[in-house]
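Chain residues, written in single-letter form:
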Number of protein chains: 2
Amino acid sequence: MENPFPSDADETRIAMMRATYDALCKHGYTDLTVQRIGEEFPKSKSLIYQHYDGKDELLVDFLESLLDFFEGESPPGDSADALDRLETFLEYMLDPERQEFMSAMIELRAQAPHNEAFRAQFAKSDRAFREHLAGIVRAGIEQGVFRDVDPDRTAEFVLTTVHGAILRQVSTDGEVDISVVREELDAYLRSRVLVEEGSVR
Amino acid sequence: MENPFPSDADETRIAMMRATYDALCKHGYTDLTVQRIGEEFPKSKSLIYQHYDGKDELLVDFLESLLDFFEGESPPGDSADALDRLETFLEYMLDPERQEFMSAMIELRAQAPHNEAFRAQFAKSDRAFREHLAGIVRAGIEQGVFRDVDPDRTAEFVLTTVHGAILRQVSTDGEVDISVVREELDAYLRSRVLVEEGSVR
């Protein structure tokens, strides 16, 4: 999985976010230290200590940056076919090449019950992802390819299933067959959401 | 949420499991120590150190004990109404009173990518839960209340959604409305699994 933060970025913050991404994929949350983030950082390590009070403060900013990136990548006014957009979203979320990164995200979420700043940040990003998905559902209804379902409820359900798939996959060594979950999710979409008995793919 | 391990148990292992449950709900995984488990343990703390090499070894045994408890509570040959059994299972998994415990379970799952023994144990329990749910679906098909669906695939999907709901709930301070997820899950079951357009509840 490619680091979403450009390597040629001149801006210090972006370079720090890039280093955080690499260090998080490499070490996971528990073994992550500011020192290890510094090892991935091409500029002076002292810059990191100047900007952040510790790894958790840095990680909250990192989560915010990821959300900015996601929102920049997926403009809500996108007029493309709603089915294609839904497919792209599901492929992106369940991409097996993002497993290391998703494992790290699960670790961060697992810290959230004890960390108010993490909780607030995940609440914010879950809201943004739900709104993004609900926007796709709304577009599909307007385009006549989706039934008149509740976009927010549909988005909440799909997002929940996707998160469950990631959680179970990273914690069980492949005991969970993601393709089965994806196929059942498609079946749900066909029977509840799509106008015709077509496939999401 | 009541501790599933009896307080009047004479057996040392059960008393240790009970103490582990209480300490885990109180401190979460990251802040859990054998010392803190000892504080919940009514017998001599040295017994814990005699049995286990550290908190992770103790926790693997704890996960195994929880699975034994779950399997003891829910005999696979149960002849009760399949719809009732499904409802009971979903209520149990999404019980808001179990939130502290479920948070701790998410923390343990988040350790799994770095801990082979945890991964093996979660794979084992996911398999057991899937088989339990698939058994309910099979019974429902035999009783004529469920359609001729694939019991394993249906179970995999339901279990995934339930885990996603727990993960998102504990990490977002209530941004996720569990009742919406539950209602959409019921809608999925009605449109895909149940013979008649009835409610799961």
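What comes next concerns the included structure. (Residues numbered from 1 in each chain as written. Chains lettered and ligands numbered in written order. Predicted model: local features only at pLDDT ≥ 70, side-chain atom pairs only at ≥ 80, totals over all residues. Heavy atoms only, no water.)

Quick notes on the overall build of chain A
Scanning chain A for helices and strands turns up 9 helices and 0 strands. Counting from the amino terminus, chain A carries its helices and strands in the arrangement α-α-α-α-α-α-α-α-α. Here the C-alpha radius of gyration of chain A, 18 Å, is about what a compact globule of 201 residues would show, namely 17 Å. Seen through its C-alpha atoms, chain A measures out along the principal axes to roughly 60 × 40 × 30 Å. Sorting the 201 residues of chain A into buried and exposed places 56% on the buried side. The contacts in chain A between residues at least 6 apart in sequence include a share of 63% that link residues at least 24 apart. Of the roughly 8700 Å² of accessible surface on chain A, a fraction of 45% belongs to carbon and sulfur atoms. (Helix = DSSP H or I, 4+ residues; strand = E, 2+ residues; numbered from the N terminus. Rg over C-alpha atoms; globule rule 2.2 N^0.38 Å. Buried < 20%, exposed > 50% of the residue type's maximum accessible area, 1.4 Å probe, protein only. Contact = heavy atoms within 4.5 Å. Areas by Shrake-Rupley, 256 points an atom, 1.4 Å probe, with all protein chains shown as cover.)

Brief notes about the nonpolar core
Across soluble globular proteins, nonpolar side chains have a tendency to be buried as a group. In this structure, A:Phe62 and B:Phe62 are the most contacted members of the largest nonpolar core, which totals 133 residues. Apart from the residues within four sequence positions on either side, B:Phe62 is in contact with B:Phe5, B:Met17, B:Thr20, B:Tyr21, B:Leu24, B:Phe101 and B:Met105. (Core = buried A, V, L, I, M, F, W, Y, C linked by side-chain atoms within 4.5 Å.)

Some words on the side chain of B:Asp61
All names here are of chain B. With respect to the secondary-structure elements, Asp61 resides in helix 4 (residues 55-73). Residue class for Asp61 comes out buried when judged on its relative accessible area of 19%. Beyond its immediate stretch of four places on either side in the chain, Asp61 contacts Arg13, Met17 and Tyr52.

With respect to empty space enclosed by the protein
All names here are of chain B. For the coordinates displayed, the defined rule picks out 4 cavities of 30 Å³ or more. Taken as a whole, the largest cavity spans an internal volume of roughly 360 Å³. Contributing to the lining of the largest cavity are 22 residues, with Leu66, Phe101, Met102, Met105 and Phe129 lying nearest its centre. Counting residues per element, the ones that place at least two in the lining of the largest cavity are helix 4, helix 5 (82-93), helix 6 (99-111), helix 7 (116-142) and helix 8 (151-172). Its residues placed into classes, the lining of the largest cavity shows 17 nonpolar, 2 polar and 3 charged. (1 Å grid on protein atoms, 1.4 Å probe; cavity = no way out; pocket = protein on both sides within 12 Å on 5 of 7 lines; lining within 4 Å. Points joined across faces, edges and corners; volume = space filled by probe spheres on them. Nonpolar A, V, L, I, M, F, W, Y, C, P; charged D, E, K, R; others polar.)

Quick notes on the interface of chain B and chain A
The interface of chain B with chain A comprises 46 residues on the first partner and 46 residues on the second. Note on chain B versus chain A: buried area summed over both sides is about 4200 Å², and carbon and sulfur give 55% of it. For the interface between chain B and chain A, the tally reads 14 salt bridges. Between A:Glu184 and B:Arg153 there is a salt bridge, with its nearest N and O atoms 4.0 Å apart. (Buried area = accessible area lost by both parts, 1.4 Å probe. Salt bridge = Lys/Arg side-chain N within 4 Å of Asp/Glu carboxyl O.)

So, the relation of the copies chain B and chain A
Of the transformation placing chain B onto chain A, the axial shift is 0.0 Å and the rotation is 180°, giving an RMSD of 0.0 Å. With respect to symmetry, the two chain copies, as superposed, fit the operation of a two-fold axis. Considering only C-alpha atoms, the part of chain B nearest the rotation axis is B:Gly164, at 1.7 Å. Interface residue correspondence from chain B to chain A reaches 100%, placing this contact among same-surface, isologous pairings. (Least-squares fit on C-alpha atoms with pLDDT ≥ 70 in both.)

A word on the packing of aromatic side chains
By the definition in use, this model includes 20 aromatic pairs over all chains. For the pair B:Tyr21 and B:Phe62, a centre-to-centre distance of 6.5 Å together with 55° between the ring planes defines the contact as tilted. In this pair, B:Tyr21 sits in helix 1 (residues 12-27) while B:Phe62 sits in helix 4, placing the two residues 41 residues apart along the sequence. Each member of the pair B:Tyr21 and B:Phe62 is classed as buried. A connected cluster of aromatic rings, assembled from ring pairs, spans A:Phe5, A:Tyr21, A:Phe62 and A:Phe101. The residue whose ring lies beneath A:Lys55 is A:Tyr29, and the NZ or CZ to ring-centre distance is 3.9 Å. The ring of A:Tyr92 has A:Arg98 lying over it, and the distance from NZ or CZ to the ring centre is 4.1 Å. (Phe/Tyr/Trp six-rings, centres within 6.5 Å; stacked < 30°, edge-to-face > 60°. Lys NZ or Arg CZ within 6 Å of the ring centre and 35° of its normal.)

A word on a negative patch on the surface
A cluster of acidic residues, A:Asp68, A:Glu71, A:Glu131, A:Asp150 and A:Asp152, forms a negative patch at the surface. Structurally, the position occupied by A:Glu131 is in helix 7 (residues 116-142). (Patch = residues over 30% accessible without salt bridge, like charges linked within 9 Å, V, L, I, M, F, W, Y side chains within 5 Å. Lys, Arg positive; Asp, Glu negative; His and termini not counted. Charge placed at Lys NZ, Arg CZ, Asp CG, Glu CD.)

Details of the pattern of salt bridges
Residue and element names in this part refer to chain A. Applying the stated criterion to the full structure yields 30 salt bridges over all chains. Notably, a salt bridge pairs Arg182 with Asp186, separated by 3.1 Å at the nearest N-O pair. Here Arg182 pairs with Asp186, and both are found in helix 9 (residues 178-193), just 4 residues apart, close to one helical turn. Classification of Arg182 as buried rests on a relative accessible area of 5%.

Thoughts on helix 1 (residues 12-27) of chain A
Residues and elements named next belong to chain A. With 16 residues, helix 1 extends 22 Å between its outermost C-alpha atoms, agreeing within 8% with the 22 Å of an ideal straight helix rising 1.5 Å per residue. Where helix 1 is buried, its residues meet helix 2 (34-39), helix 3 (46-51), helix 4 (55-73) and helix 6 (99-111). Trailing helix 1 by a residue or two, Gly28 shows a phi angle of about 75°, which is positive. (Expected span 1.5 Å × (residues − 1).)

With respect to the environment of A:Ile141
All names here are of chain A. Note on placement: Ile141 falls in helix 7. Given the relative accessible area of 23%, Ile141 is considered partly exposed. The spacing of Ile141 and Ile48 is 93 residues in sequence and 47 Å in space, taken between C-alpha atoms. Discounting chain neighbours no more than four positions away, the residues touching Ile141 are Phe146, Arg147, Asp148, Val149 and Pro151.

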